[in-house]
Amino acid sequence: MLEACLEIFERQPDIDKLILDTYAPAEGTYVIMAYENGQFVQKEWIEVKKDKKSGEALLTYREREAISRPDYYCKLVDMNKPVDPKKVIQSNSYLGFVIKKESLTNGKLTKEIITQYYNILRNPRIKYTKKQDIALYDAVEEQIGLVNYENIDIVEQWINENIFSFAEKVTGKDYLKIFFQMDHADYETEGKRYYIPNIYNKNDYNVKSADGVYGLPNNNMGLNAKKPYLDHKDRKCRLPIMENSDKVMCKKKFFDYLMNLASERRYNVYLPIDPEKKITACKDDDENGIPNGFTGYKLRLKKEKNEAAIIDADYVMDYRDLLDRSFYMQNLVEVPEKYLEDVRYGEISKRDMVRKLVDEVFFSKYYLKNIYTEPKDMKGIKDSGIRKGLLLYRDAYTEWLDKGNDEADLIKVVKQSGDMLIHNAIENDYMIKVMHQFNLKWSLLEYFQESEGTMKNKLTTIRQELKRKMDADVLQDIESDEEYSYAAGQMLGYLIGLNKSSKKTFSLGNRYLALNKDAQLKEQLRQLFMRYDHDEDMYKYKKRVGNLLAMILAYDVEQAINHDLMLAGYVSNGVIFEKKQEEKADE
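Computed from a predicted model, the values in this text were never measured in an experiment. (Residues numbered from 1 in each chain as written. Predicted model: local features only at pLDDT ≥ 70, side-chain atom pairs only at ≥ 80, totals over all residues. Heavy atoms only, no water.)

S.K.: Just to check I follow, could you spell out the overall build of the chain for this structure?
M.R.: If you tally the helices and strands in the chain, you get 21 helices and 13 strands. The C-alpha radius of gyration of the chain comes to 34 Å, more than 25% above the 25 Å expected for a compact globule of 587 residues. When its C-alpha atoms are laid out on the principal axes, the chain stretches across 110 × 60 × 45 Å. Residue burial in the chain is summarised as follows: out of 587 residues, 50% are buried. Restricting the contact set of the chain to residue pairs at least 6 apart, pairs at least 24 apart contribute 68%. Split by element, the accessible area of the chain, about 29,300 Å² in all, is 48% carbon and sulfur. If the 92 positive side-chain charges of the chain are averaged to one point and the 99 negative ones to another, these points end up 5 Å apart. (Helix = DSSP H or I, 4+ residues; strand = E, 2+ residues; numbered from the N terminus. Rg over C-alpha atoms; globule rule 2.2 N^0.38 Å. Buried < 20%, exposed > 50% of the residue type's maximum accessible area, 1.4 Å probe, protein only. Contact = heavy atoms within 4.5 Å. Areas by Shrake-Rupley, 256 points an atom, 1.4 Å probe, with all protein chains shown as cover. Lys, Arg positive; Asp, Glu negative; His and termini not counted. Charge placed at Lys NZ, Arg CZ, Asp CG, Glu CD.)

S.K.: Help me understand the packing of aromatic side chains, please; the structure alone is not making it clear to me.
M.R.: Counted under the stated rule, the structure contains 29 aromatic pairs. Here Phe 363 and Tyr 367 contribute two aromatic rings whose centre-to-centre distance is 5.8 Å and whose plane-to-plane angle is 25 degrees, an arrangement assigned as stacked. Residue class for Tyr 367 comes out buried when judged on its relative accessible area of 0%. Three or more aromatic residues joined by ring pairs form one cluster here, namely Tyr 35, Phe 40, Trp 45, Trp 158, Phe 166 and Phe 180. The residue whose ring lies beneath Lys 169 is Phe 166, and the NZ or CZ to ring-centre distance is 4.8 Å. Positioned above the aromatic ring of Tyr 319 is the side chain of Arg 351, whose terminal nitrogen or guanidinium carbon lies 5.4 Å from the ring centre. (Phe/Tyr/Trp six-rings, centres within 6.5 Å; stacked < 30°, edge-to-face > 60°. Lys NZ or Arg CZ within 6 Å of the ring centre and 35° of its normal.)

S.K.: Explanation requested: the pattern of salt bridges in the structure shown.
M.R.: Note that side chains of opposite charge can pair when their charged atoms are close. On inspection of all chains with the given rule, the structure shows 43 salt bridges. Taking the shortest distance from any N to any O, the salt bridge between Arg 122 and Asp 153 comes out at 2.7 Å. Taken together, the residues span a long stretch of sequence, with Arg 122 in helix α4 (residues 111-122) and Asp 153 in helix α6 (residues 149-162) at a distance of 31 residues. Between Arg 125 and Glu 141 there is a salt bridge whose closest N-O contact spans 3.3 Å. Here Glu 141 lies in helix α5 (residues 131-144) and Arg 125 lies in the loop between α4 and α5, a separation of 16 residues in the sequence. Through salt bridges with shared partners, a single ionic network connects Glu 465, Arg 468, Lys 469, Glu 479 and Glu 483. (Salt bridge = Lys/Arg side-chain N within 4 Å of Asp/Glu carboxyl O.)

S.K.: Just to check I follow, could you spell out helix α19 (residues 542-554) for this structure?
M.R.: Since the α-helix packs 3.6 residues into each turn, any two residues three or four apart lie on the same face. Over its 13 residues, α19 runs 18 Å from end to end, which matches the ideal 18 Å to within 8%, given 1.5 Å per residue. Each element contacted by the buried residues of α19 is listed here: α14 (454-470), α15 (481-497), α17 (518-532) and α18 (536-540). (Expected span 1.5 Å × (residues − 1).)

S.K.: Help me understand unusual backbone geometry in this model?
M.R.: Most peptide bonds adopt trans geometry, and most residues besides glycine take a negative phi value. Positive phi, normally seen in glycine, also occurs at His 184, with a value near 60 degrees. As for its position among the elements, His 184 is in the loop between β4 (175-181) and α7 (187-198). Accessibility expressed as a relative area gives 79% for His 184, which makes it exposed. Despite not being glycine, Asp 429 has its phi angle at roughly 70 degrees, a positive value. Examined against the element boundaries, Asp 429 turns out to sit in the loop between α12 (411-427) and α13 (431-448).

S.K.: When you look at the environment of Tyr 30 in this model, what are you seeing that I'm missing?
M.R.: Tracing the backbone through its elements, the reader meets Tyr 30 in strand β1 (residues 28-36). A residue is classified by how much of its surface remains accessible, and Tyr 30, at 0% relative accessible area, is buried. Note: C-alpha distance between Tyr 30 and Ala 66 (36 residues apart in sequence) is 9.6 Å. Leaving out residues up to four positions away in the same chain, Tyr 30 has contacts with Pro 25, Glu 44, Trp 45, Ile 46, Val 48, Ile 67, Asp 71, Lys 177 and Phe 179. A polar contact of 2.8 Å, which involves the side chain of Tyr 30, links it to the backbone oxygen of Ala 26. (Polar contact = N/O pair within 3.5 Å; in protein donor to acceptor, adjacent residues only side chain to side chain.)

S.K.: What should I look at first to understand α13 in this one?
M.R.: With 18 residues, α13 should cover 26 Å at 1.5 Å per step; its first-to-last C-alpha distance of 26 Å lies within 8% of that length. The buried fraction of α13 is high, at 14 of 18 residues. The positive-phi residue at the C-terminal boundary of α13 is Glu 450, with phi of around 55 degrees.

S.K.: What is the right way to look at the side chain of Gln 490 in this model?
M.R.: Tracing the sequence through the fold places Gln 490 in helix α15. When its relative accessible area of 4% is taken as the criterion, Gln 490 is described as buried. Apart from the residues within four sequence positions on either side, Gln 490 is in contact with Arg 463, Leu 548, Gly 569, Tyr 570, Ser 572, Asn 573, Gly 574, Val 575 and Ile 576.

S.K.: What is the right way to look at the pairing of strand β3 (residues 96-100) in this model?
M.R.: Within a regular strand, the side chains alternate between the two sheet faces. A large share of β3 lies buried, amounting to four of its five residues. Here five bridges tie β3 to β4, and the two strands are oriented antiparallel to one another. Paired with Val 98 across the two strands is Lys 177, which belongs to β4. (Pairing = 2+ DSSP bridges.)

S.K.: What is the right way to read a nonpolar patch on the surface from this model?
M.R.: Judged by side-chain polarity, Met 1, Ile 273, Tyr 315 and Met 317 come together as a nonpolar surface patch covering roughly 390 Å² of accessible area. Its location among the elements puts Met 317 in the loop between β11 (308-316) and β12 (322-329). (Patch = residues over 30% accessible without salt bridge, like charges linked within 9 Å, V, L, I, M, F, W, Y side chains within 5 Å.)

S.K.: What is the right way to read the sheet that holds β3 from this model?
M.R.: Adjacent strands of a sheet form backbone hydrogen bonds with each other and so pair up, either parallel or antiparallel. Within the open sheet, the four strands sit side by side as β2-β1-β4-β3. Their pairing is mixed. The sheet is open, and its two edges are formed by β2 (39-48) and β3, each paired on a single side. Here the strands of the sheet are splayed against their neighbours by 15 degrees on average, with no regard to which way each runs. As paired strands, β1 and β2 are joined by nine bridges and run antiparallel to one another. Across the sheet, Thr 29 pairs through a bridge with Glu 47, a residue of β2. (Axes fitted to C-alpha atoms, helices over the stretch in contact; angles between N-to-C directions.)

S.K.: Looking at this structure, how should I read the packing of α17 against α19?
M.R.: In a packed pair of helices, the relevant descriptors are the angle between the two axes and the axis-to-axis distance. As a packed pair, α17 and α19 sit with axes 10 Å apart at the nearest point and diverge in direction by 155 degrees. As summarised for this structure, α17 and α19 are arranged roughly antiparallel, according to the angle between their axes. As α17 packs across α19, the resulting crossing turns out to be left-handed. Side by side, α17 and α19 meet where Lys 522, Leu 525 and Phe 529 of the first sit next to Val 545, Leu 549, Ile 552 and Leu 553 of the second. Of the residues assigned to the contact of α17 with α19, the class counts are six nonpolar, no polar and one charged. (Parallel < 35°, antiparallel > 145°, perpendicular 65-115°, else oblique. Left-handed = near helix turned anticlockwise from the far one by under 90°. Nonpolar A, V, L, I, M, F, W, Y, C, P; charged D, E, K, R; others polar.)

Put into structure tokens, the structure is as follows:
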């Protein structure tokens, strides 16, 4: 899949421009000096800070244009491949001088280190002592020419005369980056002088052939004693991948581009297979996320210390945010009107809105933030039930909601995750949340089963029948397991509601809602009734309460308790409290 992504990246109109347009500079002070009439003149002094919320550099377009090119082409491949052996100076050519500000005052930056840095730039063979290293450097020198000794002397002299004076001008633990503009000097060319000998993982692995040098790329690949499984032990050259310098450079640029995106928290990258379309990337909360009709590769990034890691990759086929059929978020258990504003109810035509609904109602707004979070990093989620639900079910929801796979079988997932999260919310005494979760669970199930309205009609019929039977002068019979289950839930909700203690009461229902044996459930309801039979509220609704309990105790379950309907009865408004038709008419 990586190779396919690289092919898409390679065909972009201007790869370097793509990288520079998305370049994410580190925080620090950026100074640009131009050599004019025999002396350096300051052209730019730019302070780079990042927005803590978005991660984006707070720069104007002009400022970004001024620093992106020199900063990109003057940086090291990584800190294990410095020009300065002491790793104090972190640039790769004489056109850049990059240090941590604190090294100006803590004694790390010395005249000796500066001298050694420029001596290596004058004669890179001081650094490249192995024959494989020298061969690569000779090749690049033949291509771009010899080092400009005169320019190096001019820059070194300026650095020696001025660098330590910056200690009075800059403070902090971020970077001081000084770049030099000179005649007959180009950042990209001087960067190539460093990059070609350093882009391979280790030059010891390189093999020279008639059409160039082949070796192990440095990006997305490592080879050492801790990774013996990567060796191809059945061939003379054991490298898992062998690529020429052009391919390795392209891969480096690809990962540089991904690092730019990850640095600004654009972790979702979309590489279209259509050659007429461009690569796009977005943040998790971006309203314009995955392009509509997108077909291609989706990469999920994570910003690590030195590079962007691809933590998930998949092929997406014709993603459509607009659902084939509208989804209806139904108020099945009659959430009170004042709480309806908190959740989107009614017709929803876009996948992204359903995604936000799942995030908010099921996972308390932790789903979107943690789709790809590793378990050890979920420390911010205090609710262990939500954390467990995310780890078990987030991948399945992501397949449908984020990748647009309408073939994903979510019926089982919705049932299991819904039940787990509902009982977790009950345990935490979140009654209104439970009502929303029940509504979402059954709205999703009916959407996937194409049976919208079935549960609503069933609940309406059962409630009407129970109300009629509770008001009857002659004891009536419950006629089905479903009616019995709903009635038991109503009775349970009523009795637990009589608990006058200051402690949580709604959560007390959890152990009753989990009962599977009919006889056990009846006995528990009978005991609850006996506990509260002295309550004055019991006398107020004596007829309805008595009839309801009598009908429950008289019914024998034929197949099984329907836990969904029992839960619906438990969380729904009590039929016991509803006014009779004649009372409503009198009002």
